[in-house]
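# Structural description and commentary
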Amino acid sequence: MYETILSPIHYGGMQLKNRIIFAPTTFGLSDEEYLAKIRAIAQGGCAMIIVGDVPVGKSKFEKSLFDPKGFAFYQEVVKIAHDADCKVCAQLHQSDSNLLAMFKYIPGLLLKKITPDQLREKLNQEVAPYITGLSQEKIQKIIAGFGKAALLAKQAGFDMVQFHAGHGWLIHQFLSPRTNKRTDEFGGSLENRCRFIDEIIAGIRAKLGRYPISVRICGDEMTDEPGFLTLEDGLEIGRHLEAQGIDCINISNGSSWNGNANCEPFSYTPGWKKHVAKAFKEALSIPVIATNTIKDPDFAESLLEEGVSDFVALGRSQFADPEFMNKARAGKPESIRKCIGCMYCRERLLGNAMPVECSLNPRLGREYRYRWQDLQKNGNSRPVVVVGGGGAGMTAAVRLAEQGKHVILFEKASFLGGAISVSGGNQVIMGSKLQAENGVTDDSVESMVADFQANGAGKNNEEILTLFAENVGSATDWLVEHCGVGFAEGLHQLGEYTHNRELAYTGGGAGFAETMRKAVERSGATVYLSTKVESLITDDNGAVVGVKAVSTDGNTDYTVSAANVILATGGYGNNKEMLTEEMKSALYYGPATST
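### A few points about the sheet that holds strand β17 (residues 544-551)
Across the sheet, which stays open at both edges, the 3 strands sit in the order β16-β17-β18 with antiparallel pairing between neighbours. If you trace the sheet from one side to the other, it starts and ends with β16 (531-538) and β18 (557-561), each paired once. Neighbour to neighbour, the strand axes of the sheet diverge by 20° on average, direction disregarded. Taken together, the 7 bridges between β16 and β17 define a ladder with antiparallel strand orientation. For K532, the partnering residue across the bridge sits in β17 and is V550.

Shown next as structure tokens:
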């Protein structure tokens, strides 16, 4: 099974153990959380991690190889990956742009006189004059910076460097005739527009010899406007770069005007852009890395067998499940928690400047549990509002109804189930009857807390971890006995656990969702679908006493008083405007791979 994915490949003087690469991306995490995330991905079995956002000079905003602390940080990144037999590539980039132009638009953005989309358009309009006006002295300084950064990357232990020449970064701006209007040797013809990256490559070869070099480009900007690069343009650039002696090419797509061609939502068919990577594979002799909306190893295997690329790069799929490769190697693809393309990770980072989270992976997010055994049937028909009809919201509604409360459940979608409906549906079952029935009797609260703390570099809240560990078993038994939730066979152990303590729901997340819909119906809870809670109602003392909601068609408003309001909307980041500062600072839970 998966012979092609699992096959090693040798290029650039190094050997990669398989064909899965972690695509470069931004995390927005603290140092400890970042290192723990790198550890999880490396231990998950991929062949190489491409570390994004490595600047080619000193930086106030990013970890820099030019700073002693930054250099030591990257050394630790490399060590963590190498300890897991995973190669590491430093993606060097220069985000040099007209900061003064950016600053002048910030007040308008903050005052909501312009939208983020309008800001992006205005900044795009600033690029061409800036690139065209760069002095020869500044250009040579930047070229030298790439050479110094590559030397430092090698000294830090990186196995390869990659130049980011796509997505509107500086090298891309030189390559594009839309932004490069220069009339000297760095503008005009393709040869001249490539001169900037050519001199970068030549400078590194002079310093480091045959040290592996990769370049990431937009194979096709897929933007139907004059001046944007087409597939034919991309292939011409690819042939030129191969002639300069690069060892590998990483094919992305889109532009700063068309981000969905690079990071697409769920509505895009997997493999919809594979023709781009395949064209490069057929035109070039060097290895090709490509993303293609890959959610499972079967599809990845088919792409490699078809000759679309030599490697498949997975970013969000390894957010959803860093054990992607290990599970494929073990022949258990059904246990992979598949990315659903909901874009929650991207929206947090780019839309809200918040740390990355995943709607399906609790280790990348925040998850809370309360003491199930302490709950008693003492509701006395008090009204309780549950906001959100996903897995957590449905479970809360059923349990609250059991207590005798009058439950009102609001869900903005037209159905109950949320993101878990399309997930793989794994659950920790430590301390449950199911774990014992599967032969694990020596697991303990202390062991589980220690696992999570070790994986979290001591960053997690031990009190919350202990509450979770103490109650997840009884919660699992309750789901089985009171709600009829089923679990598939095959208790398994994740890399960060010392014991087997995870099971998948029967029918995956969809099976769980369907079972809980029926449980909600039996509970007698009042359910309002296609209805969004817009705000919380508070009394003079700031206590929450209800909610205001509106139907998605805008025709019906609801004002509901409640003794309690439960927010179960898939992560507090979705509700940050509804939370007090005290609540915001208290919300932290998860292994180190969470934020």
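### Describing the environment of S64
Relative to the helices and strands, S64 resides in the loop between β4 (48-55) and α3 (68-83). Here the alpha-carbon distance between S64 and D53, two residues 11 residues apart in the chain, equals 9.1 Å. Residues contacting S64, with those up to four places away along its chain left out, are P55, G57, K58, S59, G70, F71 and Y74.

### Description of the packing of aromatic side chains
Per the counting criterion, the structure on display carries 14 aromatic pairs. Where F487 meets Y505, the ring centres are 5.1 Å apart and the plane angle is 45°; that geometry is what we call tilted. Of this pair, F487 sits in the loop between α19 (462-483) and β14 (502-504) while Y505 sits in the loop between β14 and α20 (508-523); the two residues are 18 residues apart in sequence, bridging distant segments of the chain. Assessed through its relative accessible area of 15%, F487 is described here as buried. According to the relative accessible area criterion, Y505 is buried, its value standing at 7%. Put simply, the rings of Y34, F73, Y74 and F158 touch in pairs and so form one group of aromatic residues. Sitting above the plane of the F73 ring, K63 keeps its charged end 5.2 Å from the centroid.

### Quick look at the pairing of strand β11 (residues 383-387)
In terms of residue burial, β11 counts as a mostly covered element, since 4 of its 5 residues are buried. Here β11 runs beside strand β12 (residues 406-410); their pairing, made up of 5 bridges, is parallel. Each bridged residue has a counterpart across the sheet, and for V384 the counterpart in β12 is V407. Once the chain exits β11 it traverses helix α16 (residues 391-402) before rejoining the sheet at β12, and the crossover so formed is right-handed.

### A look at the pattern of salt bridges
Scanning the entire structure with this criterion turns up 16 salt bridges. Where D31 meets K63, a salt bridge forms, and the shortest distance between an N and an O atom there is 2.9 Å. Pair noted here: D31 is in helix α2 (residues 31-43) and K63 is in the loop between β4 and α3, with a separation of 32 residues, a long-range link. Its relative accessible area of 30% is what places K63 among the partly exposed residues. One salt bridge connects R182 with D184, and the closest N-O pair in it is separated by 2.7 Å. Residue D184 is classed as partly exposed on the basis of its relative accessible area, which comes to 23%.

### Remarks on the nonpolar core
The biggest cluster of nonpolar side chains holds 94 residues, and the ones touching the most others in it are L92, F158, F163, F196 and F280. A total of 9 residues in this core trace back to one element, the largest contributor, which is helix α6 (residues 136-156). Setting aside its immediate chain neighbours within four residues, F280 contacts I217, G219, L231, G234, L235, G238, I249, I251 and V288. A401, L409, V440 and F512 belong to the second largest nonpolar core, which has 27 residues in total.

### As for the packing of helix α18 (residues 445-455) against α19
Contact geometry of α18 with α19 gives a least axis separation of 9 Å together with a crossing angle of 135°. Taken together, the axis directions place α18 and α19 in an arrangement best described as oblique. As α18 packs across α19, the resulting crossing turns out to be right-handed. Residues V445, M448, V449, F452 and Q453 of α18 form the contact with α19, whose own contacting residues are E462, L465, T466, F468, A469 and E470. Class assignment of the residues belonging to the contact of α18 with α19 gives a composition of 7 nonpolar, 2 polar and 2 charged.

Reading the values: rules and limits
- Residues numbered from 1 in each chain as written.
- Predicted model: local features only at pLDDT ≥ 70, side-chain atom pairs only at ≥ 80, totals over all residues.
- Heavy atoms only, no water.
- Pairing = 2+ DSSP bridges.
- Helix = DSSP H or I, 4+ residues; strand = E, 2+ residues; numbered from the N terminus.
- Axes fitted to C-alpha atoms, helices over the stretch in contact; angles between N-to-C directions.
- Contact = heavy atoms within 4.5 Å.
- Phe/Tyr/Trp six-rings, centres within 6.5 Å; stacked < 30°, edge-to-face > 60°.
- Buried < 20%, exposed > 50% of the residue type's maximum accessible area, 1.4 Å probe, protein only.
- Lys NZ or Arg CZ within 6 Å of the ring centre and 35° of its normal.
- Right-handed = clockwise from strand over helix to strand, strands pointing away.
- Salt bridge = Lys/Arg side-chain N within 4 Å of Asp/Glu carboxyl O.
- Core = buried A, V, L, I, M, F, W, Y, C linked by side-chain atoms within 4.5 Å.
- Parallel < 35°, antiparallel > 145°, perpendicular 65-115°, else oblique.
- Left-handed = near helix turned anticlockwise from the far one by under 90°.
- Nonpolar A, V, L, I, M, F, W, Y, C, P; charged D, E, K, R; others polar.

Any functional reading would require information beyond the geometric quantities listed.
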